Amino acid sequence: MSDSLSRARRDVWLALGTALLLGVALGAYYVLARPVKVGLNYRVYDVAARTALAGGDFYAAASPENFHYLYPPVTVLAFVPLAWLGPWSVGYAVVTVASLAVTAALTHLLVGYIESLGHGVPTADRILLGAYLLVSVHSVPSLAYGQVNHLLVAAFAAGLVWLERDREWLAGTALALPAFVKVFPAAIGLWLLRERAWRAIVAAVATVSALTAAGLAAFGLDTYRTYAFDVLLARRDTDAFVGGLDPGVSYVTLRRPLSVAFPAVDPTWYAVGAAILLAPVVALCYWRVRGVTDRLVALYATVTAILLFFPSLLLYYVYLTFPLVVLLYHLPRGWGRRLFVSGTVLANVSLSFRTVPQVLGLAPLSPATADAVAAALRPTFAVGTPVLYGCLLTLLGCVAYRMETGGLAAPDTLRSSDAADR
């Protein structure tokens, strides 16, 4: 095994392994200390499905924990058959098994793509990757809550892989599913436009249109109006940023530091500011893209910018799966790679300040010491979560890689290594 290959595997194990270990610890914490968290989201789906079966307003229905259904109307039909099976725990088990199945399929797809780039993926790496996708610190909350993120992330990542393999119709259909359900992934359309993937765009639009029409046919215009105005628009959460976002809110967004730096500004301007900060980084990664590595870096910058622009939750970090995992194998040695790997490891500290006292409570510290540490950490978490800092570090790594490989220089300075990658 060459030194560069062994170094790449060490980076993979460091980045994915730490996320996996933290995920196992978090999963154990949910089971042992917070069992009420188990099935938290699925109970919302179950209540909505049973309300829809009874002909009621499933957007008004609340779970025992007082949470409401937030997805487009037609999606509730996916949970109706599960409600027929029995209590919510049965449907939760089915969703968990489905998450396991799609994770196995996604693992196979990612391994195939990584190997197509010339990297060996031994059995141990495959097991690590599959476990990371299923129960990393970023994905285990979705698994515990009974969320559908594993299914949607598999569709999102598979769509991007299929796009790389010029299977545009399939890619567009797959990418449309998370965009339809979660909305913010629809911004990946910017990448489709950049790639001039017209067939993928047509497939995505057709899929979303068909799902919307099905929802209208099943539930009528009034239900869709409720979804659009009372659910979708309410999810913007702009009021949360007024006066500076609370450190305990688990958002990964550049709007957080902007709201802290400029607390008196109208929250709408935080979105503008985030776009202004992210646009140059994305533009640099788009500049003179040559070969698969440059394209993967540009894609990573795109998806990360989407994550940091919107008020995304910590658990949405999993939407970076492709191309993040591939770049851990494929990004060449240099400062760009070092920064990228370091940022990925830092992002594995998936915490908001609200969780810090709980974590410190598990450490062998006196209450006074724990309170002092929490107070010292509060300003750091007020400006950004470790996930935000880690994402910014990976973006810096992407720009450093482009500079190291001459990608930002004039065309005649293209290095031989770049030419070989084309």
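All values derive from a computational prediction rather than experimental measurement.

What counts, and where the lines are drawn
Residues numbered from 1 in each chain as written. Predicted model: local features only at pLDDT ≥ 70, side-chain atom pairs only at ≥ 80, totals over all residues. Heavy atoms only, no water. Helix = DSSP H or I, 4+ residues; strand = E, 2+ residues; numbered from the N terminus. Rg over C-alpha atoms; globule rule 2.2 N^0.38 Å. Buried < 20%, exposed > 50% of the residue type's maximum accessible area, 1.4 Å probe, protein only. Areas by Shrake-Rupley, 256 points an atom, 1.4 Å probe, with all protein chains shown as cover. Lys, Arg positive; Asp, Glu negative; His and termini not counted. Charge placed at Lys NZ, Arg CZ, Asp CG, Glu CD. Contact = heavy atoms within 4.5 Å. Expected span 1.5 Å × (residues − 1). Bend = angle between axes of the 7 residues up to and from the residue. Axes fitted to C-alpha atoms, helices over the stretch in contact; angles between N-to-C directions. Parallel < 35°, antiparallel > 145°, perpendicular 65-115°, else oblique. Left-handed = near helix turned anticlockwise from the far one by under 90°. Nonpolar A, V, L, I, M, F, W, Y, C, P; charged D, E, K, R; others polar. pLDDT = per-residue confidence, 0-100. Phe/Tyr/Trp six-rings, centres within 6.5 Å; stacked < 30°, edge-to-face > 60°. Lys NZ or Arg CZ within 6 Å of the ring centre and 35° of its normal. Salt bridge = Lys/Arg side-chain N within 4 Å of Asp/Glu carboxyl O.

It is worth spelling out the overall build of the protein chain at this point. When its secondary structure is counted, the protein chain shows 19 helices and 2 strands. Against the compact-globule benchmark of 22 Å for 422 residues, the protein chain has a radius of gyration of 22 Å, which places it among compact chains. For the protein chain, the spread of C-alpha atoms along the principal axes amounts to about 65 × 60 × 50 Å. Burial statistics for the protein chain: of 422 residues in total, 51% are counted as buried. Entry remark: accessible area of the protein chain is about 18,200 Å², with carbon and sulfur atoms responsible for 69%. Taking the 30 positively charged and 23 negatively charged side chains of the protein chain as two groups, their mean positions are separated by 4 Å.

This brings us to unusual backbone geometry. Glycine aside, negative phi is the norm for most residues, and most peptide bonds take the trans geometry. The peptide bond linking F322 to P323 adopts the cis configuration, its omega dihedral lying at 20°. Mapped onto the secondary structure, P323 falls in helix α14 (residues 321–330). Of note in the backbone geometry, V183 takes a positive phi value of approximately 75° without being a glycine. Within the element layout of this structure, V183 appears in the loop between α8 (168–182) and α9 (189–194). Although it is not a glycine, R288 sits at a positive phi angle of roughly 50°. Looking at the element boundaries, R288 is found in the loop between α12 (268–286) and α13 (291–309).

Position of T207 among the secondary structure elements: in helix α10 (residues 198–232). A relative accessible area of 15% means that T207 is categorised as buried. Apart from residues no more than four positions distant in its own chain, T207 is found in contact with T173, A176 and L177.

Looking at where F58 falls in the secondary structure, it is placed in the loop between α2 (40–53) and α3 (80–84). Since its relative accessible area comes to 3%, F58 is described here as buried. In sequence terms F58 and L365 are 307 residues apart; their C-alpha atoms lie 46 Å from each other. Setting aside anything within four residues of it in sequence, one finds F58 in contact with A48, T51, A52, Y69, P73, V76, F219 and T223.

An α-helix turns once every 3.6 residues. As a result, residues three or four positions apart point the same way. The end-to-end C-alpha separation of α12 is 27 Å, in line with the 27 Å expected for 19 residues at 1.5 Å each. Residue L278 marks the point of greatest curvature in α12, where the axis turns by about 30°; the proline P280 follows within four residues. For α12, the full list of buried residues reads Y270, A271, G273, A274, L278, V282 and C285. Its buried side turned inward, α12 meets α11 (255–261), α13 and α18 (386–404). The positive-phi residue at the C-terminal boundary of α12 is R288, with phi of around 50°.

What follows is about the packing of helix α7 (residues 149–164) against α8. The description of two helices packed together rests on the angle between their axes and the distance between the axes. Direction vectors running N to C along α7 and α8 enclose 150°, while the axes themselves pass 8 Å from each other. Viewed along their axes, α7 and α8 adopt a mutual orientation that is roughly antiparallel. Seen along the crossing, α7 lies across α8 with a hand that is left-handed. Side by side, α7 and α8 meet where N149, L152, A155, F156, G159, L160, W162 and L163 of the first sit next to E168, L170, A171, A174, L175, L177, P178, V181 and K182 of the second. By residue class, the composition of the contact of α7 with α8 is 13 nonpolar, 2 polar and 2 charged.

Attention shifts here to the confidence of the model for the protein chain. Any segment with low pLDDT has predicted coordinates that should not be analysed in fine detail. Here the protein chain averages 92 in pLDDT, while 95% of its residues score no lower than 70. Per-residue pLDDT stays below 50 along residues 412–422; that stretch engages in 16 contacts with residues further than four places along the chain or on separate chains.

For the structure shown, the criterion picks out 28 aromatic pairs. Both rings, one in Y59 and one in Y227, keep their centres 6.1 Å apart while their planes meet at 25°; by these two values the pair is stacked. Residue Y59 is found in the loop between α2 and α3, and its partner Y227 is found in helix α10; the two are separated by 168 residues along the sequence. Accessibility classification places Y59 together with Y227 in one group, the buried group. Residue placement shows R255 over the ring face of F309; its charged tip is 4.7 Å from the ring centre.

The final tally for this structure, using the stated rule, is 10 salt bridges. A salt bridge links E65 to R43; the shortest N-O distance between them is 3.0 Å. Within this pair, whereas E65 is found in the loop between α2 and α3, its partner R43 is found in helix α2, the two being separated by 22 residues in sequence. The exposure class assigned to E65 is partly exposed, which follows from its relative accessible area of 26%. A relative accessible area of 9% means that R43 is categorised as buried. Linking R194 and E195 is a salt bridge whose minimum nitrogen-to-oxygen distance equals 2.5 Å. The class of E195 is partly exposed, set by a relative accessible area of 27%.

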